[in-house]
Amino acid sequence: MELKTGSADSTLDDKGRVSIPIRFRDQFQGDLIISWGMEQCVWIMKPATWEAFEQRMRSSDAFNQEEWRYFEYTVLAQKQPAELDRAGRLAIPSSFRRYANMTRECLVICSEDRLSIWDVDTFFEYRRSKDSMGQAAMNKLGTPDIFRAG
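About the thresholds
- Residues numbered from 1 in each chain as written.
- Predicted model: local features only at pLDDT ≥ 70, side-chain atom pairs only at ≥ 80, totals over all residues.
- Heavy atoms only, no water.
- Helix = DSSP H or I, 4+ residues; strand = E, 2+ residues; numbered from the N terminus.
- Expected span 1.5 Å × (residues − 1).
- Buried < 20%, exposed > 50% of the residue type's maximum accessible area, 1.4 Å probe, protein only.
- Arc of directions from axis to C-beta.
- Contact = heavy atoms within 4.5 Å.
- Pairing = 2+ DSSP bridges.
- Axes fitted to C-alpha atoms, helices over the stretch in contact; angles between N-to-C directions.
- Phe/Tyr/Trp six-rings, centres within 6.5 Å; stacked < 30°, edge-to-face > 60°.
- Salt bridge = Lys/Arg side-chain N within 4 Å of Asp/Glu carboxyl O.

Caption draft 1: Structural detail: helix 2 (residues 47–59). Compared with the 18 Å implied by 1.5 Å per residue over 13 residues, the 18 Å span of helix 2 between its first and last C-alpha is a close match. Residues Trp50, Phe53, Glu54 and Met57 constitute the buried set of helix 2. Angularly, the buried residues of helix 2 cover 95° about the axis, an arc narrow enough to put them on a single face. Seen from the buried face of helix 2, the exposed residues on the opposite side, beyond 90 degrees, are Ala48, Glu51 and Ser59. Buried residues belonging to helix 2 abut strand 3 (32–36), strand 4 (42–45) and helix 3 (65–74).

Caption draft 2: Structural context of the sheet that holds strand 7 (residues 105–110). Pairing in this open sheet of 6 strands is antiparallel, and the strands run 1-7-8-4-3-5 from one edge to the other. One side of each edge strand has no neighbouring strand; the edge strands of this open sheet are strand 1 (6–11) and strand 5 (80–82). Strand-to-strand twist of the sheet, defined as the mean angle between neighbouring strand axes without regard to direction, takes the value 30°. As defined by bridge partners, strand 7 adjoins strand 8 (residues 115–119) across 5 bridges and the pair is classed as antiparallel. Paired with Leu107 across the bridge in strand 8 is Trp118. In this fold helix 2 packs onto strand 3 and strand 4, with an angle of close to 115° to the strand it touches most, strand 4.

Caption draft 3: Geometry of the packing of aromatic side chains. Tallying each qualifying case throughout the model produces 11 aromatic pairs. Here the aromatic rings of Trp36 and Phe96 are separated by 6.3 Å at their centres, their planes lie at 85°, and the arrangement is edge-to-face. Here Trp36, found in strand 3, pairs with Phe96, found in helix 4 (residues 94–99); they are 60 residues apart in sequence, far enough to count as distant. Residue Trp36 is classed as buried on the basis of its relative accessible area of 17%. Judged by relative accessible area, which is 0%, Phe96 ranks as buried. Ring geometry for Trp118 and Phe123: centres 5.2 Å apart, planes at 80°, overall edge-to-face. Like Phe123, Trp118 is buried.

Caption draft 4: Layout of the pattern of salt bridges. Counted under the stated rule, the structure contains 5 salt bridges. A salt bridge links Asp13 to Arg17, with the nearest nitrogen and oxygen atoms 2.8 Å apart. For Asp13, a relative accessible area of 21% puts it in the partly exposed group. A salt bridge links Arg89 to Asp85; the nearest nitrogen and oxygen atoms lie 2.8 Å apart. Residue classification places Arg89 among the partly exposed positions, given a relative accessible area of 26%. Overall, Asp85 belongs to the partly exposed group, its relative accessible area being 27%. Connected via shared salt-bridge partners are Glu54, Arg58 and Lys79.

That's the geometry; what it means functionally is another story.
Next comes the structure, spelled out in C-alpha cells:
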C-alpha cells in the first residue's frame, strides 16, 4: 500500500530549499503555487487546486471586511510560482521562511491536495496548543469505538 498522505521529516538547506519526500513528489510535479499558510506554515498547491481555493474564498460571504483583508494580505497576496528542482527540492523564499520560523529541521505534511511545510518546533508547539481541542473532538466521536471495523 502506497500512502499519498502523511508526514515526513525533512531539512532546510543553506540555500533555503526543502527536500520533498520521494513518496509525495509525483503528486507535486510541474508548476506549483507557494503561499503563506495558516498557523505559521507554508502551503504548496497545484495551480488548479489554488485556483479553486482562491475562488471559494473570493466568492464566500463568510468574512467581514477586516477578516477578508487579513486573509487577502496574509495568504492570497503572498502566492508565488514554485517548482521542484531535479533533486526534488523546493526553494522557500526568505520571507516565507521567516514567517514560518523555519530553521534546519522541517516537517512536510501532505494531504491529497496540498503540502504544508512546518518548522518542526513550531509544529509541535502548535500541536501542544491544540491537544485539548483535538481530544474534545475525538470524544465527540465516541473513542475508542471509532477504531472498530464495521
